[in-house]
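Commentary on secondary and tertiary structure
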Amino acid sequence: MTFWKKIVIGLITVLLLLVATAIGGLYFLGPSSDMCGVQLLRETPSPNGKLKAVLFQIDCGATTGFNSHVAIMPSNVSLTSNTKSFFAADRNGGKAPDGEGGGPEVQIDWVSDVKIDIQYHELAHIIRNEKSSQGVGVVYHTFN
C-alpha cells in the first residue's frame, strides 16, 4: 500500500470515530437529558386542594434569559425537569420588569377548581399560553 493510501485510510478512520463520538454524545446529552435546571418559585393550591399551579423557571445556562413557566399538576406530584408548562414567558429582552427568579412577574389566582386566572406584565414575551391544562380552563390578563 502506498504512503498516501495509508494516510487517507487513517484520516477516514479518524473521521468515522469523530462522527460516532458526536452521535453518541447527542444521544446521551440530547434533548431528553436533564441539562437544564428547574427552579420551583411558588405553588398555589386549587380551592379543593386536589391540584396545584406551580410557577417555575427553567435555567439552561448563561446563554438563555430568565423565564417564568406555570403548570397545573396533582397536589401530591413534585416538579421535575419533564413538567410541561401551559404558560411560559420571558422578559422580552428586559422590557418587562423582573419577578420571582428573574423572569417576568406572573400572578396566579384560582377562580374555581376548574378555572384559573393568569396575569402577566403587558411587555412580557409570551412563549406559550394554552387555553386549558389538566381539565382546568385558563384565562389570561395583562397588567402594567
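Parameters at a glance
Residues numbered from 1 in each chain as written. Predicted model: local features only at pLDDT ≥ 70, side-chain atom pairs only at ≥ 80, totals over all residues. Heavy atoms only, no water. Pairing = 2+ DSSP bridges. Helix = DSSP H or I, 4+ residues; strand = E, 2+ residues; numbered from the N terminus. Axes fitted to C-alpha atoms, helices over the stretch in contact; angles between N-to-C directions.

Read from one edge to the other, the open sheet built from five strands follows the order β1-β2-β3-β4-β7, with strand pairing classed as antiparallel. Single-partner strands in this sheet number two, and they are β1 (37-45) and β7 (125-129). Direction aside, neighbouring strands of the sheet carry axes that sit 20° apart on average. Here four bridges tie strand β4 (residues 87-90) to β7, and the two strands are oriented antiparallel to one another.

Here the focus is the sheet that holds strand β9 (residues 136-143). Pairing in this open sheet of four strands is mixed, and the strands run β5-β6-β9-β8 from one edge to the other. The open sheet has two free edges, formed respectively by β5 (106-112) and β8 (132-133), since each of these has just one partner strand. Note: β5 against strand β6 (residues 115-121), six bridges, orientation antiparallel. Within β6, the residue paired with Gln107 across the bridge is Gln119.

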